[in-house]
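Coordinates in review
So you can see what is in the structure, the chains are spelled out below.
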Amino acid sequence: YVWPSPYDLLEDQYTVSSGFGDGGIVDGVDPCSLGPIGGRIPGRQAAAEWLRLAYHDTATHDIETGLGGLDASIGFETGRQQNVGRGMNDSLVFFGAFQSRNSSMADVIALSVILAIKNCGGPSIPFRAGRIDAESAGPETVPEPQQDLESHASSFAHQGFNVTEMIGLVACGHTMGGVHQVDFPFTVQNAISSSNPDGMAHFDDSFDSFDNHIATQWIDGTTANPLATGFNTTTNSDARIFAADGNKTMRAFAQNPNLFSAQCGSLLERMLNTVPRTVQLSEVIEPLPLKPYQLSLNMASNGSLMLSGYIRIFGTSVEAAAATPAAMPVSLNWKDRNGQTNVAYSTSAAAVSQTSASLWGSVRFFEINVAIDAYLGISSFVVDWAYSSQLPLTHSDNGGDGFPLQDVILNVPEKSCKDFSQHTVTVYGVIRTDMGPISNPYVDYNSNVNQEGNIVVKQVTTRAALARVDGSASPLYDTYSATFTDGGQFTDEGVVTLDLVVDAGGKRYVSAKNPEIFRNCRVPVVR
Ligand code: HEM
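Residues numbered from 1 in each chain as written. Predicted model: local features only at pLDDT ≥ 70, side-chain atom pairs only at ≥ 80, totals over all residues. Heavy atoms only, no water.

**Section: the overall build of the protein**
For the protein, the helix and strand inventory stands at twelve helices and 24 strands. Computed over its C-alpha atoms, the radius of gyration of the protein comes to 26 Å, within 12% of the 24 Å expected for a compact globule of 527 residues. Projecting the C-alpha coordinates of the protein onto the three principal axes gives extents of approximately 80 × 60 × 45 Å. For the protein, the residues scored as buried account for 55% of the 527 residues in total. (Helix = DSSP H or I, 4+ residues; strand = E, 2+ residues; numbered from the N terminus. Rg over C-alpha atoms; globule rule 2.2 N^0.38 Å. Buried < 20%, exposed > 50% of the residue type's maximum accessible area, 1.4 Å probe, protein only.)

Right, dumping it as structure tokens:
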């Protein structure tokens, strides 16, 4: 895709797993054995809890009606016996931090599984976005271990998977984690200890690796899978499922780890893309080779424009892995507001000293900080760069037209503030005065509210008209402002962004995805 996209935040989270620009999700499951809440809960495994959560959310899909699927309805369903376990709400609380206007909880759940499995040594599963969060619970259709094979086959058929695929999905799911005695006392016993307070009994001998041991141990008879050889034959659902085709699928998995990995990749991809029929998923999202990160165009106090933020460079080549960021030439060249170039419209970007990592390749950040003459303005930029000064420059132009920027409506972050006791938000922006007639300037404030019966918050957009106020650092711009109340409803959960919009001279201009406001209106600005 090209920048900017509604999926930029998800792409950031997908691409950067640690260090500067960290998307944050992988931290919850790294290393693969990590317990939830930063590893503070021994015996449990966050990566496994995320995968189970995604499956239980998907299991409400009905192939005939096209209803249900991966739609975060699980948030309304965690009180059910089918979804027993602290892992459900603990995972959802962790995911809350990544929810935004353009990243639904359901997309975050899907992305979490893809990142967790990759980080545990499993297959690379393509990621598509666009899932829509449900407003209420789905049907009670999650399979349970005491049910018979026929009812399991019929629930998987309802979700769109045949018997061979059911065997595959269960094996792929049960290669991580295990069964907790506190939740399934009729399946696991004598497992609780001080280092394992929930009494986790693992499915295979490598619970912290996405490998085929679930199959090899089943076939060679060494398995201690509590759902296969547990003391209670009624809840040995894995044994019934694995043997449902005379062990054909499990034998093939045991003999060929690559087959196991590839089959799990495609089955889990289908599972994550099982969505209500009305949902249209995006194209596959992959790391952009070059992308702006936290880039903003603001008006400085002297009236000039300041372009600041970062350029992210991602690659999978040998050169990419070997590069020393400080020795990489990276220059940003822009066009003025009339689309003209000039040798003076150029700045070099400095390597960010902190390292960054990606599960998919090598990733580096470069800092931009340049003043732009407000009379000339800016309309787009390109970046010319190389992994070393010996290599030819790569011209990154965002698919041809450059990375677009507009200088007609700008956010003024240092003036915007919140009044925490009055529950009001005040947003400032500036709009160019030479654009012809200005109409309908407004701000969309995208934040989150609590939902009844659900630990997951819901994104809401509050729209407020921007009114012209006095004072601007530049004669080219007028200042606008809006103050609105949140009625005490907004929570701190999730990502908050604001978009400033205006119709000027018959065209719409948007300053999108500006960051959350933290300044307290009652504390004066320090300069
Ligand atoms: C007939 C189908 C299935 C049944 C009856 C079943 C049953 C169970 C049970 C009883 C547990 C123990 C939960 C706990 O103690 O927290 C469990 C764990 C788990 N299940 Fe399944 N499961 C099924 C299919 C699947 C599928 C299709 C997946 C994913 C593709 C999956 C992924 C997991 C994972 C990752 C865990 C470990 C959770 C943890 O360690 O916290 N399961 N399953």
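What follows picks up the thread again.
**Points about the packing of aromatic side chains**
A full pass over the atoms with the stated rule returns 20 aromatic pairs. Feature note: the residues Phe-20, Tyr-293, Tyr-310 and Phe-365 constitute an aromatic cluster, connected by ring pairs. In this arrangement the basic side chain of Lys-415 is found over the ring face of Tyr-428, its NZ or CZ atom lying 4.6 Å from the centre. (Phe/Tyr/Trp six-rings, centres within 6.5 Å; stacked < 30°, edge-to-face > 60°. Lys NZ or Arg CZ within 6 Å of the ring centre and 35° of its normal.)

**Points about the sheet that holds strand β10 (residues 350-351)**
Judged by pairing direction, the sheet is antiparallel, and its four strands sit side by side in the order β6-β7-β12-β10 without closing on themselves. Because the sheet does not close on itself, it has two edges, and the strands there are β6 (290-299) and β10. Bridging between β10 and strand β12 (residues 362-372) involves two bridges; their strand directions are antiparallel. Directly across from Ala-350, in β12, lies its bridge partner Glu-367. (Pairing = 2+ DSSP bridges.)

**A few points about the site of the ligand**
Neighbouring the ligand are 27 residues, the closest being Gly-173, His-174, Gly-177, Gly-178 and His-180. Here a nitrogen atom of the ligand and a side-chain polar atom of His-174 are 2.9 Å apart. A distance of 2.7 Å separates an oxygen atom of the ligand from a polar backbone atom of His-180. Of all the elements in the fold, those that place two or more residues in the shell around the ligand are α3 (46-58), α6 (149-158), α7 (163-173), β3 (178-180), α9 (237-242) and α11 (257-272). Of the residues forming the shell around the ligand, the biggest block, five residues, is contributed by α3. Residues belonging to the shell around the ligand are distributed by class as follows: 17 nonpolar, seven polar and three charged. (Near = heavy atom within 4 Å. Polar contact = N/O pair within 3.5 Å; in protein donor to acceptor, adjacent residues only side chain to side chain. Nonpolar A, V, L, I, M, F, W, Y, C, P; charged D, E, K, R; others polar.)

**Topic: the nonpolar core**
Judged by nonpolar contacts, the single largest core of 81 residues is most densely connected at Ile-109 and Leu-268. Broken down by element, this core gets its largest block of residues, eleven residues, from helix α5 (residues 105-119). Shared between two domains, this core holds at least three residues of each, these being domain 1 (31-272) and domain 2 (290-404). Ile-109 has contacts with Leu-53, Ala-54, Asp-57, Leu-70, Ala-72, Ile-74, Leu-92 and Phe-95, leaving out every residue within four places of it along the chain. (Core = buried A, V, L, I, M, F, W, Y, C linked by side-chain atoms within 4.5 Å. Domains from an automatic or database assignment. Contact = heavy atoms within 4.5 Å.)

**Re the domain arrangement of the protein**
How large an interface is tends to be reported as the accessible area lost when its parts come together. Domain annotation for the protein reports domain 1 (31-272), domain 2 (290-404) and domain 3 (409-515). Inter-centroid distance (C-alpha atoms) of domain 1 to domain 3 is 41 Å. Here domain 1 packs against domain 3, burying approximately 1200 Å² in sum over the two surfaces, 51% of which is carbon and sulfur. It is Phe-76, Gln-99 and Arg-101 that lose the most area in domain 1 upon contact with domain 3, and together they represent 46% of the buried surface on that side. Counting every contact that joins domain 1 to domain 3 gives three salt bridges. When the shortest N-O distance is used, the salt bridge between Glu-135 and Lys-458 registers 3.4 Å. (Buried area = accessible area lost by both parts, 1.4 Å probe. Salt bridge = Lys/Arg side-chain N within 4 Å of Asp/Glu carboxyl O.)

**Considering the pairing of strand β20 (residues 454-465)**
Of the strand pairs in this sheet, strand β19 (residues 438-451) and β20 are connected by nine bridges, and their pairing is antiparallel. If you follow Val-443 over to β20, its bridge partner there is Ala-464. Here β19 folds back onto β20 in antiparallel fashion, the turn holding two residues, of which Gly-453 has a positive phi close to 70°.

**Observations regarding the pairing of strand β23 (residues 497-504)**
Of all eight residues in β23, eight are buried; the element is thus mostly enclosed. Residues of β23 alternate between two faces, with Thr-497, Asp-499, Val-501 and Asp-503 on one and Leu-498, Leu-500, Val-502 and Ala-504 on the opposite face, all of them buried. Bridge analysis of β23 against strand β24 (residues 507-515) gives seven bridges, and the strand direction is antiparallel. Residue pairing for β24: Thr-497 is matched across the bridge by Pro-515. Between β23 and β24, which follow one another and run antiparallel, lie two residues, and Gly-505 among them has a positive phi close to 55°.

**What about α7?**
Counting buried positions along α7 gives eight out of eleven residues, so the element sits mostly inside the fold. For α7, the secondary structure elements touched by its buried residues are α3, α6, α8 (213-219), α9, α10 (248-255) and α11. Here α7 starts with a cap whose side-chain oxygen sits 3.2 Å from the backbone nitrogen of Thr-164, and that cap is Asn-162.

**Some points on the coordination of the iron atom of the ligand**
Within the protein, a single donor atom binds the iron atom of the ligand, namely His-174 (NE2) at 2.1 Å. Looking at the secondary structure, you find His-174 in the loop between α7 and β3. (Donors = N, O, S within 2.8 Å, 3.2 Å for Na, K, Ca; no water.)

**A few points about α5**
If you check α5, its first and last C-alpha atoms are 21 Å apart, about what 15 residues at 1.5 Å a residue would give, namely 21 Å. Within α5, 13 of the 15 residues are buried, which leaves it mostly tucked inside the rest of the structure. In the segment just after α5, Gly-121 is the residue with positive phi, at about 90°. (Expected span 1.5 Å × (residues − 1).)

**Notes on the state of the cysteines**
Per the stated rule, a full pass over the model turns up three disulfides. With a sulfur-sulfur separation of 2.1 Å, Cys-32 is cross-linked through a disulfide to Cys-120. Between Cys-32 and Cys-120 the sulfur-sulfur dihedral comes to about 100°; the bridge is accordingly right-handed. Of the two residues, Cys-32 is situated in the loop between β1 (18-19) and α2 (36-39) and Cys-120 in the loop between α5 and β2 (127-128); the sequence distance between them amounts to 88 residues. Residue Cys-32 shares its accessibility class with Cys-120, and that shared class is buried. (Disulfide = S-S within 2.5 Å.)

**Quick word on the packing of α3 against α5**
Where α3 contacts α5, the two axes come as close as 9 Å, and the packing angle between them is 140°. It follows from the interaxial angle that α3 and α5 lie oblique. In terms of crossing hand, the pair formed by α3 and α5 is left-handed. Of α5, the residues touching α3 (which contributes Ala-47, Trp-50, Leu-51, Leu-53, Ala-54 and Asp-57) are Ile-109, Ser-112, Val-113, Ala-116 and Ile-117. Taken together, the residues of the contact of α3 with α5 sort by class into nine nonpolar, one polar and one charged. (Axes fitted to C-alpha atoms, helices over the stretch in contact; angles between N-to-C directions. Parallel < 35°, antiparallel > 145°, perpendicular 65-115°, else oblique. Left-handed = near helix turned anticlockwise from the far one by under 90°.)

**What about unusual backbone geometry?**
For the bond from Trp-3 to Pro-4, the omega torsion is -5°, close enough to zero to count as cis. Its location among the elements puts Pro-4 in the segment before α1 (8-15). Of note, the amide linkage connecting Asp-30 to Pro-31 takes the cis form, showing an omega dihedral of 0°. A positive phi angle, near 55°, is found at Ile-37, a position not held by glycine. Inspection of the secondary structure assignment puts Ile-37 in helix α2. Even without glycine at this site, Asn-440 takes up a positive phi of about 55°. One can find Asn-440 in strand β19. By relative accessible area, which is 45% here, Asn-440 ends up partly exposed.

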